Amino acid sequence: MALIECDTGGGIVRPHSPASSSARLARSSPSSAIEAMASTARVARGLGARVATRGASSVPTNRTLSAPAHRARVSSSGRGVVRVRAMSATIIDGKAIAQAVREEVREKVAAMRTRTGKVPGLAVVLVGERKDSQTYVRSKKKACEEAGIESFGTDLPEDATEDEVLAVVEAYNADPNVHGILVQLPMPKHINEERVLGAISYEKDVDGFHPLNIGRLSQRGREPLFVPCTPRGCIELLERTGIPIAGKEAVVVGRSNVVGTPAALLLQRRDATVTIVHSRTPNPEEICRRADIVIAACGQMEMVKGSWLKPGCAVIDVGINAKDDPSKKLGYRLVGDVEFDSAKEVAGHITPVPGGVGPMTIAILLQNTLEGAERAYA
Ligand SMILES: Nc1nc(=O)c2c([nH]1)NC[C@@H]1CN(c3ccc(C(=O)N[C@@H](CCC(=O)O)C(=O)O)cc3)C=[N+]21
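Per an unreviewed UniProt entry, the recorded name for the protein chain is Tetrahydrofolate dehydrogenase/cyclohydrolase,conserved site, and the organism is Ostreococcus tauri. Among the UniProt annotations of the protein chain, the heading Function (unreviewed entry) holds the following wording: "Catalyzes the oxidation of 5,10-methylenetetrahydrofolate to 5,10-methenyltetrahydrofolate and then the hydrolysis of 5,10-methenyltetrahydrofolate to 10-formyltetrahydrofolate." Checking UniProt for the protein chain, the heading Sequence similarities (unreviewed entry) contains the comment "Belongs to the tetrahydrofolate dehydrogenase/cyclohydrolase family."

Turning our attention to helix H10 (residues 357-376). Given a rise of 1.5 Å per residue, 20 residues ought to cover 28 Å, and the 29 Å separating the end C-alpha atoms of H10 matches this to within 8%. Where burial is concerned, most of H10 is hidden: 14 out of the 20 residues are buried.

Those places that UniProt annotates as "domain: Tetrahydrofolate dehydrogenase/cyclohydrolase catalytic" (unreviewed entry) correspond, in this numbering, to residues 92-207. The span residues 92-207 carries 52% helix and 16% strand; its end-to-end C-alpha distance comes to 24 Å.

Here helix H1 (residues 94-116) spans 32 Å end to end across 23 residues, near enough to the 33 Å set by a 1.5 Å rise per residue. Every buried residue of H1 is accounted for by Gly 94, Ile 97, Ala 98, Val 101, Arg 102, Val 105, Val 109 and Met 112. Contacts made by the buried residues of H1 are with helix H2 (131-147), helix H6 (229-240) and H10. A distance of 3.2 Å separates the backbone nitrogen of Lys 95 from a side-chain oxygen at the start of H1, and that oxygen is part of Asp 93.

Another point: the sheet that holds strand S8 (residues 121-127). The three strands are arranged S9-S8-S10 in an open sheet whose pairing can be described as parallel. Edge strands, defined here as strands with exactly one partner in the open sheet, are strand S9 (150-156) and strand S10 (180-183). Put simply, the sheet's adjacent strands are angled 15° from each other on average, direction ignored. By the bridge criterion, seven bridges tie S8 to S9 in an arrangement that is parallel. Within the sheet, the bridge partner assigned to Gly 121 lies in S9 and is Glu 150. Sheet contacts for helix H3 (residues 162-174): S8, S9 and S10; angle to S9, the most-contacted strand, approximately 165°.

Procedures and definitions
- Residues numbered from 1 in each chain as written.
- Predicted model: local features only at pLDDT ≥ 70, side-chain atom pairs only at ≥ 80, totals over all residues.
- Heavy atoms only, no water.
- UniProt positions renumbered as here; feature names shortened; annotations may be inferred.
- Helix = DSSP H or I, 4+ residues; strand = E, 2+ residues; numbered from the N terminus.
- Expected span 1.5 Å × (residues − 1).
- Buried < 20%, exposed > 50% of the residue type's maximum accessible area, 1.4 Å probe, protein only.
- Contact = heavy atoms within 4.5 Å.
- Polar contact = N/O pair within 3.5 Å; in protein donor to acceptor, adjacent residues only side chain to side chain.
- Pairing = 2+ DSSP bridges.
- Axes fitted to C-alpha atoms, helices over the stretch in contact; angles between N-to-C directions.

In structure tokens:
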């Protein structure tokens, strides 16, 4: 009798995902194969996603299944047993990888304290009362504490003047216990962001938004002191999952100063061939389908669909959007710029939202702050 085995795919190693020492950090499912005898289908607990069994019915002979090669692996173990592995993407566990980075930072901070008697310091400047910004600032401070990094903070009212913000930045520039300064974005409209970000000391620019850091990032043979946290987090997710970048086609969806543009520059520095797709690109789907790596940072909820992707590609979803969901306590849930359910059926690797890029942003902020302090005490 024929037997179909569906696997949620988490543990399947693909040709394009070379084993690396850190690859195991991509959380893989315990081979959660489902064995469905005849038509008694069960439901697989996927990797954070529910994966329904497909085509769980008896199969008369070997290799009569028409599932696309990238999505199913058909094999026979003899004895008339046909195994069909429906391959859905390996979920990249950003939370676990971020935790590993934070642990590395914590150990290095402890070593610094032993060696120099000093610890890194991070100053976060918040202007206004945006709820989301307040939440992010709180989690940054908490992450600092856990890593042994001293945290400083100044909250200014919504109607603070640009000069007041600049005065706070100058004070932190002059404070030797502060090695990183972050001005939470977006700021209220009446404040000139370019002027404020340019006032942050280049040596303390943990966000990497200072023109000198961005300028160096964009040029060959130059080294910025800091690289923007979210884009650096995206690259770390790829590298720590063992996904090769050099020589690959990468597409960045979105061209913002904070994510899209620096992410494209970083990929290019790692020898990917990079295309940026944006709101005026006529054929984004077609361009995305060429990509081995897609970084979605367009700020449009679930814009990138499974049909936009090349089978087996790696998808890094930077978006955080609240989607109405009456079944949730809060009435909404967080989704990315990628339509996860369709994308995970095509991609080889994909980051979830939440639990993907977001936690990495904070982990890299700590790492950047540590590196700033290491340079100060070198
Ligand atoms: N100067 C500046 N630097 C920033 O790095 C910066 C900023 N401004 N403004 C706002 C954005 C946003 N941001 C995030 C940080 C952590 C999560 C994060 O940890 N997210 C979790 C939880 C999400 C949740 O539950 O709300 C997740 O995705 O799993 C998300 C987003 C940093 N930003």
